[in-house]
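Chain and residue survey
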Amino acid sequence: MESSTGIASPAFVDVDGNASQALLEGTLRELDSELIGLKPVKLRIRQIAALLLVERLREQAGFASGPPSLHMCFTGNPGTGKTTVALRMATILHQLGYVRRGHLIVATRDDLVGQYVGHTAPKTKEVLQKAIGGVLFIDEAYYLHRPENERDYGQEAIEILLQFMENRREDLVVVLAGYKSRMERFFRCNPGLHSRIAHHIEFPDYSLDELMDIAELMVRQRMYAFDERSWQAFREYLQLRVAQPHFANARSVRNAIDRIRLRQASRIVQQGGRIAKEELARIDEADIRQSRVFQGGADAGLAANGRTLPDGIEAKELA
Amino acid sequence: MRLTQGTFSFLPDLTSEQIEKQIEYCLANGWSLGIEYTDDPHPRNSLWEMWNLPMFDVADPKAILFEINACRKAFPNHYIKLIANNSTRGRESVALSFIVNRPAQEPGFRLDRQEAAGRTVRYTIHSYATERPAGARYNGRS
């Protein structure tokens, strides 16, 4: 049978039978199990995966197909997993067969912007050259642009970046990440950048249950054990912590667990003597309840003094 | 006269795909690649002009092929070679080097003989191309 393009080929294609489909399912399942929550993110990754698969089938069937633009921008509050997902993106895109090498180059302002006239372009190009065949991840991309200084070299780096993103789309994927409000301000100053990024993915805040799941995962990874009562205490801790200022989602959970470990360690040392092996892993309810969060948080005193932290500056985690 | 310097020089010119395969081999060995060009291909002139710095930490052959093409565009009538450097301690030298671009017309060399003291004869190689000033050699005329 003749297809519409005039190329003789069977009229049906097997979507499930495709070898890359199985690999893709495995990758996506892994993503689902290791990253908690993040529904919109996972949905978008699934869509991209499906698109790449269909593109390949289209190519085999003789339809016109071109590599889609996969530049991405991740926005979201602190600790919502932007960097974690970006680091995985390289692997995912490599497994999908979109990038050839699947390596990840992480760049910040320092790596892209030069110190004197004529220094920026070669520096940016060198980084871009290294990223070819893989993913270039620019964390906190808004630092590239300094609106208060019109002679800042950041603009030059952005222009070269734009040129690369447009002309060599099939060679590399650029992922920008940053906090939402500052990213928006950044794009307002650089409208060309906004329109060249096809995927703007917003990372939502975690719900309390998701935070608990994350905590469970972290505790398991660090080989500690919470009992029933400590879990209850930790849940109460999170409920209070979420309402307090400078809450940073999963990062706050991680920091909380690290501080609980500190308290557990000092408790064990204070007790001294011979203890059961399991005691080294067990987290006591008291280790959690000692947190300052239960007394209204570390900022309770700070706020009373009328001191506030400027917008956007990430406060040190205090508890 | 076809210049035969470096690897593959007795073979027909390599295509882009073949060059890419060679680059892939170099990268797999962990060699860093550099591009050099000249219009004075005397055998003793082994240090050619560098096209940018050697490309360290580049992962993909396409990035290097892109630079080769950029160099070809800038110097279409020069000799351009790709050099792979092995930085392993104790080795620290060129591991592979081959010409990726050559001028359309290669006038070649002539052998000069010089009568010296007694009946000694000194021989030297003279490149016809160097009779023109640098930059004006190989401009399609021979």
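Quantities reported herein were computed from a predicted structural model and do not represent experimental measurements. (Residues numbered from 1 in each chain as written. Chains lettered and ligands numbered in written order. Predicted model: local features only at pLDDT ≥ 70, side-chain atom pairs only at ≥ 80, totals over all residues.)

All right, on to the overall build of chain A then. The number of helices and strands found in chain A is 13 helices and seven strands. Relative to its full complement of 319 residues, chain A shows a buried share of 32%. Here the analysis covers contacts within chain A between residues at least 6 apart in sequence; of these, 77% occur between residues at least 24 apart. (Helix = DSSP H or I, 4+ residues; strand = E, 2+ residues; numbered from the N terminus. Buried ≥ 20, exposed ≤ 12 C-beta atoms within 10 Å, placed from the backbone. Contact = placed C-beta atoms within 7 Å.)

Residues and elements named next belong to chain A. Read across the sheet, five strands follow the order E2-E3-E4-E1-E5 without closing on themselves; strand pairing throughout is parallel. The sheet is open, and its two edges are formed by strand E2 (104–107) and strand E5 (199–203), each paired on a single side. Across this sheet, the average inter-strand angle for adjacent strands is 20 degrees, counted without regard to direction. Inspection of the sheet shows strand E1 (residues 72–76) paired to strand E4 (residues 173–178) by four bridges, in the parallel sense. When the sheet's bridge partners are listed, methionine 72 is paired in E4 with valine 175. Across the sheet, helix H3 (residues 82–95) lies against E1, E2, strand E3 (135–139), E4 and E5, angled at about 170 degrees from E4, the strand it touches most. (Pairing = 2+ DSSP bridges. Axes fitted to C-alpha atoms, helices over the stretch in contact; angles between N-to-C directions.)

Model confidence for chain B is summarised by a mean pLDDT of 91, while 98% of its residues fall at 70 or above. Of the two predicted TM-score estimates for the complex, the pTM is 0.76 and the ipTM is 0.72. (pLDDT = per-residue confidence, 0-100.)

Before going further, it helps to examine the sheet that holds strand E2 (residues 49–55) of chain B. Residues and elements named next belong to chain B. On the basis of which strands lie adjacent, the open sheet formed by four strands has the order E2-E1-E3-E4 and antiparallel pairing. The strands lining the two open edges of the sheet, one partner per strand, are E2 and strand E4 (93–101). Neighbouring strand axes in the sheet, compared pairwise and without regard to direction, differ in orientation by 20 degrees on average. Here seven bridges tie strand E3 (residues 79–86) to E4, and the two strands are oriented antiparallel to one another. Note on E4: the bridge partner recorded for leucine 82 is phenylalanine 98.

Turning next to the interface of chain B and chain A. On the chain A side, the residues contacting the seven residues of chain B number nine residues. A breakdown of the residues in the side of chain B that touches chain A according to their chemical character gives four nonpolar, no polar and three charged. (Nonpolar A, V, L, I, M, F, W, Y, C, P; charged D, E, K, R; others polar.)

Turning to the domain arrangement of chain A, a few remarks are in order. Residues and elements named next belong to chain A. You can read the domains of chain A as domain 1 (19–203) and domain 2 (208–304). Here the C-alpha centroids of domain 1 and domain 2 sit 35 Å apart. Opposite the seven residues of domain 1 that make contact, domain 2 presents nine residues. (Domains from an automatic or database assignment.)

Residues and elements named next belong to chain A. Counting residues in each nonpolar core, the largest one holds 72 residues, and the members touching the most others are Phe74, Leu93, Val135, Leu136, Val174 and Val175. Dropping the residues within four chain positions of it, valine 174 is found in contact with His71, Leu136, Ile138, Leu161 and Met165. Counting 18 residues, the second largest nonpolar core, distinct from the first, contains Tyr206, Ala215, Leu238 and Ile257. (Core = buried A, V, L, I, M, F, W, Y, C linked by C-beta atoms within 7 Å.)

Turning next to the pairing of E3 of chain B. Residue and element names in this part refer to chain B. By the criterion of burial, E3 is predominantly enclosed, with six of the eight residues buried. Looking at chain direction, strand E1 (residues 32–38) and E3 are connected through seven bridges and run antiparallel. Within E3, the residue paired with threonine 38 across the bridge is tyrosine 79. Between E3 and E4, which follow one another and run antiparallel, lie six residues, and glycine 90 among them has a positive phi close to 95 degrees.

With the exception of glycine, the majority of residues adopt a negative phi angle, and the majority of peptide bonds are in the trans configuration. With phi around 50 degrees, glutamate 140 of chain A is a residue other than glycine that occupies positive phi space. Tracing the sequence through the fold places glutamate 140 of chain A in the loop between E3 and helix H6 (154–167).

Attention shifts here to helix H5 (residues 120–131) of chain A. Taking 1.5 Å per residue as the helical rise, H5 of chain A with its 12 residues ought to reach 16 Å, and the 17 Å between its terminal C-alpha atoms agrees with that figure. Restricting attention to buried positions, one finds in H5 of chain A the residues Thr120, Lys123, Thr124, Val127, Leu128, Gln129, Lys130 and Ala131 of chain A. On its buried side, H5 of chain A packs onto E2, helix H4 (109–112), E3 and H6 of chain A together with E2 and helix H2 (61–74) of chain B. Backbone geometry just after H5 of chain A places glycine 133 of chain A at a positive phi near 85 degrees. (Expected span 1.5 Å × (residues − 1).)

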